[in-house]
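Structure assessment
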Amino acid sequence: MVNERMGLFKTKIMKNPLFIIFVLVIFAVALFACGKGVDNYVPPQNPAEITAVSIGETVLSGQHVVDNTKIRKIPVIYHPEYLMEDLKNKQFIDFFIAITTGSVETPINMITEGYISRYGDATGFDGPGMVSVNGSKLIVNPPETFVWAFKTPYTIAVKTDKGIDIRTENKTVLASDINNDTIPTMYISAEDLKNWYKYSNIGNSIGLDFSLSKFNDGRNSVPPSKILNYFGNDIMKYMIQYPSDTPVMVYNSATNQEVIGSGSSVLEAFAEYNNVLREENARTFVKAWNNTIIPPHTSASGKQDVTFTGVYDKEEGGYPSHGTCPPGRALRSSVMSAGCPLPLGMTGGYFAVALGSDPATGIKVYNPTNYPIKIIMWTSGRGTGMMIYSQIIQYMP
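Quick look at the structure, then. Here the structure is a predicted model, which is why all the values come from computation and not from measurement.

On to the sheet that holds strand β16 (residues 373-380). Judged by pairing direction, the sheet is antiparallel, and its 4 strands sit side by side in the order β12-β17-β16-β13 without closing on themselves. With one partner strand each, in any of the chains shown, β12 (256-266) and β13 (292-294) form the two edges of the open sheet. Across the sheet, the axes of successive neighbouring strands diverge by a mean angle of 20 degrees, strand direction being ignored. Note: β16 against strand β17 (residues 387-396), 8 bridges, orientation antiparallel. Looking across to β17, one finds that Ile373 is bridged to Gln394. Strand contacts of helix α10 (residues 325-337): β12, β16 and β17, with the helix running at about 145 degrees to β12, the strand carrying the most contacts.

Below, the structure written as structure tokens:
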């Protein structure tokens, strides 16, 4: 009778889940004590081996960055404390698999840190983060206050005697077949490409699509297909407006702004020129430069998606863009009062835009400061006598 009661008691205990867990915990503690002597026997896994994306890749919060299938399993005896991590993180299935197979998976938090969750997701930051390695840990760095890159040709068309060779897509398009269906048209229209083909020489090239590269924080280049997802529609619009090799501020979390330079000018009347067209050119200049952002120690031009009108000049015997010098003087005054040197493509005299320079893309403003600057331009009034203003705003953390 006593033996039957004892047997029944043992059966009830063995079927009790709490008892089973208790035994397993004791087992894990025993293994931990046993494994301390060989704790360093197995070298840590290279964090670059477990990434779901490349080191240096841009990632957003919520994106999976750890490939669980690449995480190494090791004998429980070498790292029995990993069993305790499974219990701590309520990874009961992993715990039971480990004690039944004798192999335990390295817990994610043992090989990651810095904005990576225990499930291997990027988490806890705003903006475009970056996957990196810190010692023996895989990490995600949140973006710095300012992140910028350069608009770089990605898909290039090269003129041949019969049409264009489109690099990266490895295809040839006959000149007669250039249309909106055969070429990328986000940055250039089929009509503009036809005009380029008509007047260019064989071997000349032109960008059809663009990536972002040479990031200030060292991250990998971002191809055209990912720019919208990572940086948003405003960045895409900015890239479309500005020429190749333009610096592009893709992230700005500055909390302070300060006006560090200003300038103004007036559109004077010149009876020998068409003052209506001069006003139009002055306004186009303002449009070309307004909201241009120049990161530290870089140069930028105005927008490329503007058109200036030629105004007949019998002395020069041509059609220069008269009317651009007054806003040019305002821009020059504002950038130089902000500590920038005389812009490339400008003069220090009354005729501010150098002869032969495009008033938008032919002028380059260099920012020698340690923080990004933004050019703001606007007008007041109409016709001759119209006032033109320019300010330089500096972004600071």
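Within the open sheet, the 4 strands sit side by side as β1-β5-β6-β4. Their pairing is mixed. If you trace the sheet from one side to the other, it starts and ends with β1 (58-59) and β4 (112-113), each paired once. Sheet topology note: the β4/strand β6 (residues 137-141) ladder contains 2 bridges and is parallel. The residue bridging Thr112 from the neighbouring strand is Leu138, located in β6.

To continue, consider helix α9 (residues 275-289). Between its terminal C-alpha atoms α9 stretches 21 Å, which fits the 21 Å expected from 15 residues at 1.5 Å a residue. Within α9, burial applies to Arg278, Glu279, Asn281, Ala282, Thr284, Phe285, Val286, Ala288 and Trp289. Where α9 is buried, its residues meet β13, β14 (299-300), α10, β15 (365-366), β16 and β17. The N-terminus of α9 is capped by Asn274, whose side-chain oxygen sits 3.0 Å from the backbone nitrogen of Val276. One or two positions beyond α9, positive phi appears at Asn291, with a value near 70 degrees.

It is a general feature of regular strands that their side chains alternate between the two faces of the sheet. The buried fraction of strand β11 (residues 247-252) amounts to 5 of the 6 residues, a majority that puts the element mostly inside the structure. Two strands pair when backbone bridges link them, and strand β7 (residues 146-159) and β11 are joined in this way by 5 bridges, in the antiparallel orientation. Looking at β11, one finds that Ala149 is bridged to Val248.

Reading the values: the criteria
- Residues numbered from 1 in each chain as written.
- Predicted model: local features only at pLDDT ≥ 70, side-chain atom pairs only at ≥ 80, totals over all residues.
- Heavy atoms only, no water.
- Pairing = 2+ DSSP bridges.
- Helix = DSSP H or I, 4+ residues; strand = E, 2+ residues; numbered from the N terminus.
- Axes fitted to C-alpha atoms, helices over the stretch in contact; angles between N-to-C directions.
- Contact = heavy atoms within 4.5 Å.
- Expected span 1.5 Å × (residues − 1).
- Buried < 20%, exposed > 50% of the residue type's maximum accessible area, 1.4 Å probe, protein only.
- Polar contact = N/O pair within 3.5 Å; in protein donor to acceptor, adjacent residues only side chain to side chain.

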